[in-house]
Amino acid sequence: MTVAEAASGKVKQESVSLCPLGAAAAPQQELLCIFGTGDLGRSLGQLLLQTGYRVVYGSRRPHSCGPVPQGAQVMNHAAAAQSAHLVFICVHREHYGFLETLAPQLQGKVLIDLSNNLKKDIYPEANAVYLERLVPGAAVVKGLNTLSAWALQNGLLAGKLVYLCGNSAAAKQPVAELATRLGLSVVDKGSLSAARELEDFPLQLFPQWRLPLIVALGLTTFFFFYLLIRDVIYAYSEKGKDISYRILVSLANKVFPIVSLIMLSLCYLPGILAAFLQLYRGTKYRLFPDWLDRWMLCRKQLGLIALGFAFLHAITTFIIPIRYAVRHKLISRVVDEMKNNKTTPFDFDNTEAWGTDALLVLGILGFFLYVLLGITSLPSVGGSLSWREFNFIQSKLGHLTLFICTAHGYIYGWNKFLRPATYKWFTPPGFMLCLVVPSVVLLLKLLLLLPCVDRSLTRIRQGWERNKPGGESVEIKATNL
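Residues numbered from 1 in each chain as written. Predicted model: local features only at pLDDT ≥ 70, side-chain atom pairs only at ≥ 80, totals over all residues. Heavy atoms only, no water.

1. Some points on the pairing of strand β4 (residues 86-89)
Part 1: Alternating residues of β4 divide into Leu-86 and Phe-88 and Val-87 and Ile-89, and every residue in both groups is buried.
Part 2: Judged from the four bridges that link them, strand β1 (residues 31-35) and β4 form a sheet pairing that is parallel. Looking at the pairing, Cys-33 lines up with Val-87 of β4.
Part 3: Of the strand pairs in this sheet, β4 and strand β5 (residues 110-113) are connected by four bridges, and their pairing is parallel. (Buried < 20%, exposed > 50% of the residue type's maximum accessible area, 1.4 Å probe, protein only. Helix = DSSP H or I, 4+ residues; strand = E, 2+ residues; numbered from the N terminus. Pairing = 2+ DSSP bridges.)

The structure is reproduced here in structure tokens:
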């Protein structure tokens, strides 16, 4: 531009095509079809829409099928089946009949079967196998059936394990990619012959809780009858006293802390055994025995059950002073002193005062750490912590909790260990028996904290191996793979 042109105001404008930011057409997301507008179908559709997919529902009554997530389309079954390649079957097996009439529209489609049964073995074949027989031209994939409508609605899917099986690897690939995009961890169980196993998974009742509940029930039963014999039956047999009224509260309040402390010890014992096993083997690349692996997988459940028994112990401790037997005993003592015009000598015992206060303080502090461990074990809380924070709370504070609760038990019986009256019928009291396991766990943990042992264990867990014979190393790696 010259000076003359600038002075005259005649400026030649270049032709530039402008467009607003974000106006570029985004790639259109894949359209997914869902058969079924119940709780599961609506929850799945809502999650898929939030993830960025387009969703169309197939219904026998498109105009009166009930509410569907905002942004989803509703068509009849035939139109919905033709519009999408992936079709989710969210209906019960009893209503599969309409799919047989849609065989031409479902030709070459991938059908994801999410159905489950109310009981095991109520049908001669798995639902997915039956579906494949109804629609032979489609590829059937069994999967995502372990997800509940509640979990889908609340978004509790991060890291959750789901299983897939099907006869077509090409059909399973897009389903696995979709599940991964939803934040799920996918495990391929092979061909469709594994469909019955997948359909039985949701019918399992607390599979990870079974072993901890059995252990807790066994410990509770043993110590209840053990203390019943030592306290109630012994008093009636040797002294002629009927103290059966203590069974409901006093006896239970002895059982609760005993079981709680042992369960907490069993929560940390497998990790210590695994550390010693790694030290013995000199490597971390060998699998643990099956019993130890199962034990380590249920540590969370062991800890939560221990927390439950600690809650029961705290509650029953608070209600003991308001019981009729306690109030009657205090009133009877006062009335007896008034009638006989006597006073009971009472000297202040400084040692007893220190012991009582230490017992209460350790109990309160231990219960507080108990609750802290239980809160951080919740997925919503633990997921917000870094690995170092989670490890510090569950490991460091966990062993500190075990130490404090064990010290609570030792202070409770510090003046009872050497009394002959403590050993009724030559049997040790319950609190002595419950201190054995936590004391062993703390002793073994102390050995692992020794610098020489801790240094070796840290090197092993960082990948160092003590012996690397060629044949054994190859065999171990192949097994782990």
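Still to come is the rest of the account.
2. Focus: the sheet that holds β1
Sheets are built from strands paired through backbone hydrogen bonds, the pairs being either parallel or antiparallel.
Part 1: Strand order in the open sheet formed by eight strands is β3-β2-β1-β4-β5-β6-β7-β8, with mixed pairing between adjacent strands. Edge positions in the open sheet fall to β3 (73-75) and β8 (185-188), since each of these has one partner strand only. Strand-to-strand twist of the sheet, defined as the mean angle between neighbouring strand axes without regard to direction, takes the value 30°.
Part 2: Relative to strand β2 (residues 54-58), helix α2 (residues 39-51) is tilted by about 160°, and along the sheet it contacts β1, β2 and β4.
Part 3: Across the sheet, helix α5 (residues 127-134) touches β4, β5 and β6 (139-143), and the angle it forms with β6 is around 165°. (Axes fitted to C-alpha atoms, helices over the stretch in contact; angles between N-to-C directions. Contact = heavy atoms within 4.5 Å.)

3. A word on the confidence of the model for the chain
Close inspection of predicted coordinates is inappropriate in any region flagged by low pLDDT.
Part 1: Looking at the chain, pLDDT values average 86 and 90% of them are 70 or higher.
Part 2: Predicted confidence is poor over residues 1-26, with pLDDT under 50, and the contacts of this stretch with residues over four places away or in other chains come to three contacts.
Part 3: Note that pLDDT drops below 50 for residues 469-481; the model gives that stretch seven contacts with residues more than four away or on any other chain. (pLDDT = per-residue confidence, 0-100.)

4. Some words on helix α7 (residues 169-181)
Part 1: The end-to-end C-alpha separation of α7 is 18 Å, in line with the 18 Å expected for 13 residues at 1.5 Å each.
Part 2: For α7, the set of buried residues is Ala-171, Lys-172, Val-175, Leu-178 and Ala-179. Buried residues in α7, looked at end-on, bunch into an arc of 125°, giving them a common side. The outward face of α7, more than 90 degrees from its buried face, is lined by the exposed residues Ala-169 and Ala-170.
Part 3: In the stretch just after α7, Gly-183 is the one whose phi turns positive, near 90°. (Expected span 1.5 Å × (residues − 1). Arc of directions from axis to C-beta.)

5. Quick look at the pattern of salt bridges
Part 1: Applying the stated criterion to the full structure yields eleven salt bridges.
Part 2: Between Glu-125 and Arg-93 there is a salt bridge; the shortest N-O distance is 4.0 Å. With Glu-125 in the loop between β5 and α5 and Arg-93 in the loop between β4 and α4 (97-101), this residue pair connects regions lying 32 residues apart in the sequence.
Part 3: One salt-bridge network, in which partners are shared between bridges, spans Arg-230, Asp-231, Lys-254 and Lys-424. (Salt bridge = Lys/Arg side-chain N within 4 Å of Asp/Glu carboxyl O.)

6. Quick look at the packing of helix α16 (residues 387-412) against helix α18 (residues 436-448)
Part 1: It is the contact of α16 with α18, at a shortest axis distance of 10 Å, that shows an interaxial angle of 135°. Taken together, the axes of α16 and α18 lie oblique to each other. Viewed along their axes, α16 and α18 form a crossing whose handedness is left-handed. Contact residues: α16 offers His-399, Leu-402, Phe-403, Thr-406 and Tyr-410, while α18 offers Pro-438, Ser-439, Val-441, Leu-442 and Lys-445. (Parallel < 35°, antiparallel > 145°, perpendicular 65-115°, else oblique. Left-handed = near helix turned anticlockwise from the far one by under 90°.)

7. Section: the nonpolar core
Part 1: Core analysis: the largest hydrophobic core is formed by 49 residues, its most contacted members being Ile-262, Met-263, Trp-295, Leu-302 and Tyr-370.
Part 2: In terms of residues, this core owes the most to one element, helix α10 (residues 247-281), which gives 18 residues.
Part 3: Not counting the four nearest positions on each side in its chain, Leu-302 is found in contact with Pro-212, Met-263, Leu-266, Cys-267 and Trp-295. (Core = buried A, V, L, I, M, F, W, Y, C linked by side-chain atoms within 4.5 Å.)

8. Quick word on helix α13 (residues 324-340)
Part 1: For α13, with 17 residues, the first-to-last C-alpha span of 24 Å sits near the 24 Å given by 1.5 Å per residue.
Part 2: Asn-341 occupies a position one or two residues after α13 and carries a positive phi of about 50°.

9. Overview of the packing of helix α9 (residues 210-238) against helix α12 (residues 299-319)
Part 1: One can describe the packing of α9 onto α12 by two numbers: an axis separation of 9 Å at closest approach and a directional angle of 40°. Judged by the twist between their axes, the crossing of α9 over α12 is right-handed. Here Pro-212, Leu-213, Ala-216 and Thr-220 of α9 come into contact with α12, specifically with Gln-301, Leu-302, Ile-305 and Phe-309.
Part 2: By residue class, the composition of the contact of α9 with α12 is six nonpolar, two polar and no charged. (Nonpolar A, V, L, I, M, F, W, Y, C, P; charged D, E, K, R; others polar.)

10. Observations regarding a nonpolar patch on the surface
Part 1: On the surface, a cluster of nonpolar side chains totalling about 440 Å² of accessible area is made up of Ile-315, Phe-318, Ile-319 and Ile-322.
Part 2: Inspection of the secondary structure assignment puts Ile-315 in helix α12. (Patch = residues over 30% accessible without salt bridge, like charges linked within 9 Å, V, L, I, M, F, W, Y side chains within 5 Å. Areas by Shrake-Rupley, 256 points an atom, 1.4 Å probe, with all protein chains shown as cover.)

11. Things to note about the environment of Cys-65
Part 1: With respect to the helices and strands, Cys-65 occurs in the loop between β2 and β3.
Part 2: Judged by relative accessible area, Cys-65 falls into the buried class, the value being 15%.

12. Regarding a positive patch on the surface
Part 1: The grouping of Lys-239, Lys-241, Arg-246, Lys-329 and Arg-333 at the surface amounts to a positive patch.
Part 2: In this fold, Lys-241 is placed in the loop between α9 and α10. (Lys, Arg positive; Asp, Glu negative; His and termini not counted. Charge placed at Lys NZ, Arg CZ, Asp CG, Glu CD.)

13. Here we look at the packing of aromatic side chains
Part 1: As enumerated under the stated definition, the model contains 14 aromatic pairs in all.
Part 2: Relative to Phe-223, the ring of Phe-222 has its centre 5.1 Å away and its plane inclined at 80°; by these criteria the two rings are edge-to-face.
Part 3: An aromatic cluster of at least three residues, connected via ring pairs, comprises Tyr-410, Tyr-412, Phe-417 and Phe-431.
Part 4: In this structure, Arg-93 packs its charged tip against the face of Tyr-123, placed 4.1 Å from the ring centre.
Part 5: Here the basic side chain of Arg-93 rests over the ring of Tyr-130, its NZ or CZ set 4.3 Å away from the ring centre. (Phe/Tyr/Trp six-rings, centres within 6.5 Å; stacked < 30°, edge-to-face > 60°. Lys NZ or Arg CZ within 6 Å of the ring centre and 35° of its normal.)

14. Regarding unusual backbone geometry
Part 1: Despite not being glycine, Asp-121 has its phi angle at roughly 60°, a positive value.
Part 2: Mapped onto the secondary structure, Asp-121 falls in the loop between β5 and α5.
Part 3: A relative accessible area of 58% means that Asp-121 is categorised as exposed.
Part 4: Phi is positive for Phe-426, which is not a glycine, with a value near 60°.
Part 5: Take Phe-426: it is sitting in the loop between α16 and α17 (430-434).
Part 6: The class for Phe-426 is exposed, based on a relative accessible area of 82%.

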